[in-house]
Structure formats: C-alpha cells, structure tokens
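Descriptive analysis of the structure
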Amino acid sequence: MGKKRKQREAETNGPAAKKEDAAASEERPKRTLLGWKEKPQENADAAATAPSFRNKEKVLVTCSRRINFRYRHLMLNVVSLLPHCKKDNKVESKEIKGATLNELVELRNCSSCLFFECRKHLDLYLWMAKCPNGPSVKFLVNAVHTMEELKLTGNHLKGSRPILTFSANFDKDAHWLLLKEMIIQIFGTPKGHQKSKPHHDHVFAFSIVDDHIWFRNYQIAVPHIESDKVPRGSLEKMTLVEVGPRFCLNPIKIFGGSFGGPTLYENPFYVSPNQIRALQKKRKTGKYAKKVKAKTRRKMHELSNPLEPDEFADMWKE
Amino acid sequence: MAVKRRGTAAFDEDEVPEDEMNDLGDEAVDSELESDEEEDEEDGEEDVKLPEAKANAVYDRDGIMDKLGDMSWPQDVPWIQRLTVDVDSQQEKEVDVNDDLARELAFYTQALEGTREAFGKFESMGLPFLRPSDYYAEMVKTDSHMEKVKSRLLAEKRNIEEAEERKKARESKKLAKEVQAQKQKERAKQKKDEIETVKKWRKQRQKSGFPENDKDGDLPLDFEDGKPFVKSGKKRPGVTPGDRSGGKSRQGVGKGRKGMDKKMKKRETRDSKFGFGGRKGVKKQNTAETTNDLRGIKQSNASGNKKRKR
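Residues numbered from 1 in each chain as written. Chains lettered and ligands numbered in written order. Predicted model: local features only at pLDDT ≥ 70, side-chain atom pairs only at ≥ 80, totals over all residues. Heavy atoms only, no water.

The following threshold applies: UniProt positions are given in the numbering used here, feature names are shortened, and annotations may be inferred rather than shown by experiment.
As recorded in an unreviewed UniProt entry, chain B goes by the name rRNA-processing protein EBP2 homolog, listed as coming from Eucalyptus globulus. We quote the UniProt Subcellular location (unreviewed entry) comment for chain B here in full: "Nucleus, Nucleolus". Chain B has a UniProt comment under Sequence similarities (unreviewed entry) that states "Belongs to the EBP2 family."

Naming follows an unreviewed UniProt entry, where chain A appears as Brix domain-containing protein of Eucalyptus globulus. On record in UniProt, under Sequence similarities (unreviewed entry), the comment for chain A is "Belongs to the BRX1 family." Comment text from UniProt for chain A, heading Subcellular location (unreviewed entry), reads "Nucleus, Nucleolus".

Written out as structure tokens, the structure reads:
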C-alpha cells in the first residue's frame, strides 16, 4: 500500500493537491490502525470522524451472459469513463442472484457495483448497488447511444475527473436524493485515484425529465493557452461537444440491501417492457378476432333472415 | 430496437411530481378518463407509463432517508472531492420529453451552466483545471475512431456544398431563361413600336398632304431603321421578277409608241431583244418554255459540225 501511495504522490501535481496529500499522510497511521480490510461503509464513517476524508470508491462493472452487442458496448463505454472501476467477466444468468453477485463484489474488493442485465436480448436493466450494506437500485435502460456513434464528435482524456451536474429536481424527493448520492459516489472519480488524470475536460449531466434520469457526457472546449490562467472572455466562449454515451434510466425499485433486502421504493408508473410487448401483440391479434367475429355475425344474420324464394326462379326452366 | 424513443403519450401524471403521487386521490380519477381516450389513439408505444399510480406501490420515505444518511459522505467533505454542481435551469418550464431538440438543449444548458460554476470554483481555489495544449495522454476515443468521425464530418460538409452548388446552378439556369425571354420580349416590343411610329409618321404625312419638298428630316431616318422595303400593291404582268426597267422593254416590242423616232424604236427593240437593266442571269436562264421551244434549233445539227471540221 505504501508503494502505491508513493506513486500517487508522484502523479498528483499542483500546490493544493500536494497540501491535500500532506494532510492525508498525516492521517495515515490512524487509518492503518482501523484496518484496511474494513468495509467501505464503515470506512466512510471512520472518515467522517477524521478531519480528512479520502474517497476509496471502487466500482465493479459487469454484465449478464447473452448481452446484446449494443449494450455490451455501452458497458465498455462506462468502463472507459470510470477509471476507478474493475471490469469483471460476464455472469451466468443462473447466478444472477444477490448472494453470488455480492460475493463477487467482495472478492474484487469493490465498494459498489454496476451490473448490466440483459433479458431476451432486448431489455437492458442496470443494477446500481452499494456493497455490502446497500442500498441498491434497479433501472430499466432506454434510449441507448454508445460512444461509437459517429455523430458524437467529442473526445476527452481517459480518466480525467468529470464534473457532475445535476438538475434541480433531484432535490425534490427522498428517492431522488438517494439516487443522486449513489450516482455521485459511483460516477464521480475519486480525487487522487491512481488511474485518474489531472485537468477537467468533461462534464456529466444527470437530469430528471419525465421521471427518468437522463445521462449525457460532454467534452468541455475552452479556448485557452495556459492550464491555469483563463482569459476573462473565454469562459463565455466555452462550448460543449457531446462525447457520449447517452442513456436514460427509469428507476424501477430501490432495495435496502445490496442486490436485495427490503424494498424502499417502487416506481408506481412502471410497466415492464414484457407487458408492453404483450399489449401490442394483443392489439394485433384483435384484428383477426374481429374479422372472425364479424363473419359469424353475418352468418347468423343470414340464417335468421333468410331470403324469400324468388318467384321468377324457374321461369326459364322449361 | 435498442434505441427506444419515448412515445408521444402526454399523460397528465407525467408532470406530477412523485410526492404528490403518494397522496393522490380524486386527481387520478379525472386524469384517468383523459388518458384512456389517448391510449386508444397511440400505437406501437415503446415506453409507456401506467396511466395511474399503482395504489400499493411501496414508498418507505423514512427508510430511504435512513439509508441515505448511512451511505452518504460526511457533510464537511470538500467540494473538490465531489465535483458536483446543482443547476437550477429547468425550474421555469418543464421540458417536453418527446421534443428531441428542446430536451437536448436543456441538457446542454444544464451542463454548460454547471461547468461555468465549477470552473469559477476552480479559479477561486487557484487550481489548474484546463488541459494544456501540449498535454498528450490516452483519450476515451481512439485516434482511428476520431479519424472516422472527422471523415464523416467532412463528407457531410462536402455533401452540403455539392447540394448547394447544384441548387445554385439550377437557379442560375432558371434566371438565364428568364433573362432571355425578357430580352426577346423587349426586342419584339421595340420592333412593334418602330413600326407604329412609321405608320404614324405616314399618316401624319398623308394628312398634311405631301409637302413638295420631301426632304423631311425623318424620312431617310425612318427608312434607315424602319420598314425595310414596302412592296407596292401593283402587279406588273409580263414582267420578269428581276426586271428593273418595269417591263417597259417588253411592252415596247408589241406596242410601238407614237412620237418616238426611229432611232429610239430601234434601241427599244434591241433592248428588249438583248436585255437592258435587270438581272442578266435570270433572263438568260432556261425555263420550261424555252426548253420546249424548238424554233431556234435547226435540224441539221450535224452539218454545223461538219462545217466546223472543214
């Protein structure tokens, strides 16, 4: 661990960062006493007592088997955006149970998990979980655009820390607040992470529209010469170029534990895509049923009012 | 398939925030009626919501707040750890989800405002935050991918330019046609006007009774660019088209004028015989009459030859 610290110190630059580090190094013996193998939740609590807080978030990113290529690409994009994540093998669909996933997260020494679950090659569900104490959220993922799409023209440093922007309606309700906190912890790159790079050249936008969380990733393009000095007008001239990926998260349920536990929230408006498809199918079948019904009705009508015999029927017979 | 667009459903409930949903009573009943009507119209919805909140949906507010308190970072964490910005830009109006442009614009403005705020904070803290132009490191997208992006942009630009050029050519063609038509029209009008003025001038001249002195200033001028040649209505029978003597030469043969001396007569006969004035070529050419006329040809054509031999 000590070795790692040295690397980190070498990597960080800037006077403020160094000061931070100095503060952290003062705190180090205390932490060692608490124990490194401690659960992150308690770690956070410990950090709360300590004057200096250190974010040691690690995210396990994995997916279920038989995932669609598109969704797999989305997952890989997320991996490239999060330098503090660990990517793991696909998980057998049989093993998509809380216990196995929890075990996996613990094995990989992670404190949170993003699990992409693809069902029927059609629907993508995203599990966002804080391990091991929870909470966890299950989302339905909609409107997926991956980074590979050519119309998303931006680019940014791999591993630079993103700025997280949230729309104001995240503060509207308790479950949104919880989701916001989870997103901050999972998507925010820890300061001074080994793989993270200095400078901030991209921004994540999370906003709630229509009770869905929409995600966008923009590159920040500012005309400038030096890294720390910005001419007055150039902040006004700042533009954003979208990098991608795009997706839209529809929260389904929030659980108290990680991958399980008591349900804290249930989306009252949620309709599963299966139900939607069933409804559409039903609508289509209705067409034929209607035709058959009309036919039988016509038959019944004809039987009930038979034509009277034609008086000229055998006029030309003889 | 994978890209699911949100449908055009515009349920009333969409705008209602969640906490209002919880104590939702008679409100839902009203909106249910409306949404039922809409449901019949919409087809092929990819992402629909329940028209009405599920009554038994779990919402453990206290549990959520407890969990939030458990998991969240301590309050005094410096901002540099979180790097979060709350942007209050959507407050004034709800964004229509199905209007792609408006939605994306809302996201963009949110990100832009957030970035401005964050950069302001960075600046006040005195931290370097912008990437220097000579800082090269691994990017999220590879160079080959960016090359593709660039080529696509260029191709798009080229397409647009080509389309514009085509459009311009088409328009200029149309314009040229119009100009041509205008010119022809103008020419015809000018011609007409000139004819008119000549007619007018003539009428005037007739009215004024032909002054002896025909040296009107505009007479030659009118002929110069007015009517080229006015054929007189008189027909002159027995005059060859090329004869400029006015048929006098022919007439002179048959009539024999009085008061003319012998010498003049002779002259006349000679003129009529050999031609005087007019195009020689036309008069000397063979016509159907002359070829059929065998009077001048002696039968002994061969004898003449013999003579020549001798």
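Having seen the model, we can carry on.
Let's talk about the overall build of chain B
For clarity, the threshold we go by: Think of it this way: any DSSP run of H or I at least four residues long counts as a helix, any run of E at least two long counts as a strand, and we number them from the N terminus. Contact between two residues is taken to exist if any of their heavy atoms lie within 4.5 Å; hydrogens are not considered. Note on areas: Shrake-Rupley with a 1.4 Å probe; residue coverage comes only from the protein chains shown.
The number of helices and strands found in chain B is 12 helices and 1 strand. In chain B, the succession of helices and strands from N to C terminus is α-α-α-α-β-α-α-α-α-α-α-α-α. Contacts spanning at least 24 positions in sequence make up 54% of the contacts within chain B whose residues lie at least 6 apart. Looking at chain B as shown, the accessible area adds up to about 24200 Å², and 51% of this sits on carbon and sulfur atoms.

Here's the deal with the nonpolar core
Let me state the cut-off plainly: We define a nonpolar core as any set of buried Ala, Val, Leu, Ile, Met, Phe, Trp, Tyr and Cys residues linked to one another through side-chain atoms lying within 4.5 Å. Exposure categories follow from relative accessible area, calculated using a 1.4 Å probe and restricted to protein chains: below 20% of the type maximum is buried, above 50% is exposed, and the middle band is partly exposed.
Core analysis: the biggest nonpolar cluster contains 54 residues, and L114, F116, M128, F187, F206 and I213 of chain A have the highest contact counts within it. Apart from residues no more than four positions distant in its own chain, M128 of chain A is found in contact with C113, L114, P135, S136, V137, F139, M182, I183, I186, F187 and L249 of chain A. If you look at the next biggest cluster of nonpolar residues, it comprises 30 residues, including L240 of chain A together with I80, L83 and V85 of chain B.

Quick word on the interface of chain A and chain B
Note the threshold: Two parts placed together each lose some accessible area under a 1.4 Å probe, and adding up what both lose gives the buried area. For this analysis, a salt bridge means a side-chain nitrogen from Lys or Arg found within 4 Å of a carboxyl oxygen belonging to Asp or Glu. Distance and chemistry together define a polar contact, namely a pair of N or O atoms within 3.5 Å, with one atom able to donate a hydrogen and the other to accept it when in protein, and with adjacent residues in sequence counting only for side-chain atoms on both sides. The classification used treats Ala, Val, Leu, Ile, Met, Phe, Trp, Tyr, Cys and Pro as nonpolar, Asp, Glu, Lys and Arg as charged, and all other residues, Gly among them, as polar. Strands are labelled as partners when DSSP assigns at least two bridges between them.
Taken residue by residue, the interface counts 104 residues in chain A and 90 residues in chain B. Between chain A and chain B, the buried area comes to about 9200 Å², and carbon and sulfur atoms account for 59% of it. Broken down residue by residue, the surface that chain A buries against chain B is led by F53, D210 and F269 of chain A, which jointly contribute 8%. Here chain A is connected to chain B by 7 salt bridges. In this structure, E181 of chain A engages R82 of chain B in a salt bridge whose closest nitrogen and oxygen atoms are separated by 3.7 Å. At the boundary of chain A with chain B, the tally comes to 30 residue pairs in polar contact (both at pLDDT 80 or more). It is helix α6 (residues 174-187) of chain A that contributes the most residues to the side of chain A that touches chain B, 10 residues altogether. Residue composition of the side of chain A that touches chain B, grouped by class: 48 nonpolar, 29 polar and 27 charged. Inspection of the sheet shows strand β6 (residues 163-167) of chain A paired to strand β1 (residues 84-87) of chain B by 4 bridges, in the parallel sense. In the sheet register, L164 of chain A faces β1 of chain B, and the bridge partner there is T84 of chain B.

Brief notes about a positive patch on the surface
Residues and elements named next belong to chain B. The condition that has to hold: Each patch is assembled from residues with relative accessible area greater than 30% and no salt bridge, linking like charges that lie within 9 Å and nonpolar side chains (Val, Leu, Ile, Met, Phe, Trp, Tyr) that lie within 5 Å. We treat Lys and Arg as the positive residues and Asp and Glu as the negative residues; His and chain ends play no part in the count. Charge positions are represented by NZ for Lys, CZ for Arg, CG for Asp and CD for Glu.
On the surface, K262, K263, K266, R270 and K273 cluster together into a positively charged patch. Mapped onto the elements, K266 comes out in helix α9 (residues 262-274). Look at K266 and you get partly exposed, because its relative accessible area is 48%.

Observations regarding the packing of α6 of chain A against helix α3 (residues 61-71) of chain B
We apply this condition: All axes here are fitted lines through C-alpha atoms, helices being fitted over the stretch that makes contact, and every angle between N-to-C directions spans 0 to 180 degrees. Angles below 35 degrees are treated as roughly parallel, those above 145 as roughly antiparallel, those between 65 and 115 as roughly perpendicular, and all remaining angles as oblique. By the definition used in this description, the sense in which the near helix is turned from the far one sets the handedness, with an anticlockwise turn below a right angle giving left-handed and a clockwise turn giving right-handed.
Close contact between α6 of chain A and α3 of chain B brings their axes to 9 Å; oriented N to C, the two are set at 25 degrees. On the basis of the axis angle, α6 of chain A is roughly parallel to α3 of chain B. You can see that α6 of chain A and α3 of chain B cross each other, and the crossing is left-handed. Contacts between α6 of chain A and α3 of chain B involve A174, H175, L177, L178, E181, M182 and Q185 of chain A from the former and R61, I64, M65, K67, L68 and M71 of chain B from the latter.

Some thoughts on unusual backbone geometry
All names here are of chain A. Of note, the bond from C131 into P132 is cis; its omega dihedral lies within 30 degrees of zero at -5 degrees. Geometrically, the link from G244 to P245 is a cis peptide bond, its omega value of -5 degrees lying close to zero. Its identity is not glycine, yet H121 carries a phi of approximately 60 degrees, on the positive side. Tracing the backbone shows H121 in the loop between β3 (112-119) and β4 (123-130). Look at D210: it is not a glycine, yet its phi comes out positive at around 60 degrees. Owing to a relative accessible area of 6%, D210 belongs among the buried residues under this scheme.

Observations concerning the packing of aromatic side chains
Residues and elements named next belong to chain A. As a reminder of what qualifies: Think of it this way: a Phe, Tyr or Trp ring, Trp meaning its six-membered ring, pairs with another when their centres are within 6.5 Å, and the plane angle makes it stacked under 30 degrees, edge-to-face over 60, tilted otherwise. The criterion for a charge sitting over a ring is simple: Lys NZ or Arg CZ within 6 Å of the ring centre, and within 35 degrees of the ring normal.
A complete count under the given rule lists 21 aromatic pairs over all chains for this structure. Between W127 and F259, the ring centres sit 5.5 Å apart and the planes meet at 45 degrees, which makes this aromatic pair tilted. Of the two residues, W127 is situated in strand β4 and F259 in the loop between β10 (246-257) and β11 (260-266); the sequence distance between them amounts to 132 residues. Neither residue differs from the other here; W127 and F259 are each classed as buried. By way of ring pairs, the aromatic residues F166, F170, W176, F187, F204, F206, F215 and F247 are connected into one cluster. Geometry around Y125 places K138 over its ring, the cationic atom sitting 4.7 Å from the centre. Against the face of F166 rests K180, its NZ or CZ located 5.4 Å from the ring centre.

Notes on a nonpolar patch on the surface
Residue and element names in this part refer to chain A. Among the surface-exposed residues, F312, M315 and W316 lie close enough to one another that they form a single nonpolar patch of about 440 Å² accessible area. Mapped onto the fold, M315 is located in the segment after α7 (273-304). Of the residues examined, M315 reaches a relative accessible area of 45% and is grouped as partly exposed.

Thoughts on the environment of E113 of chain B
Residues and elements named next belong to chain B. With respect to the helices and strands, E113 occurs in helix α5 (residues 100-125). For E113, a relative accessible area of 39% gives the class partly exposed. Along the backbone, E113 and V85 are 28 residues apart, and their C-alpha atoms lie at a distance of 9.0 Å.

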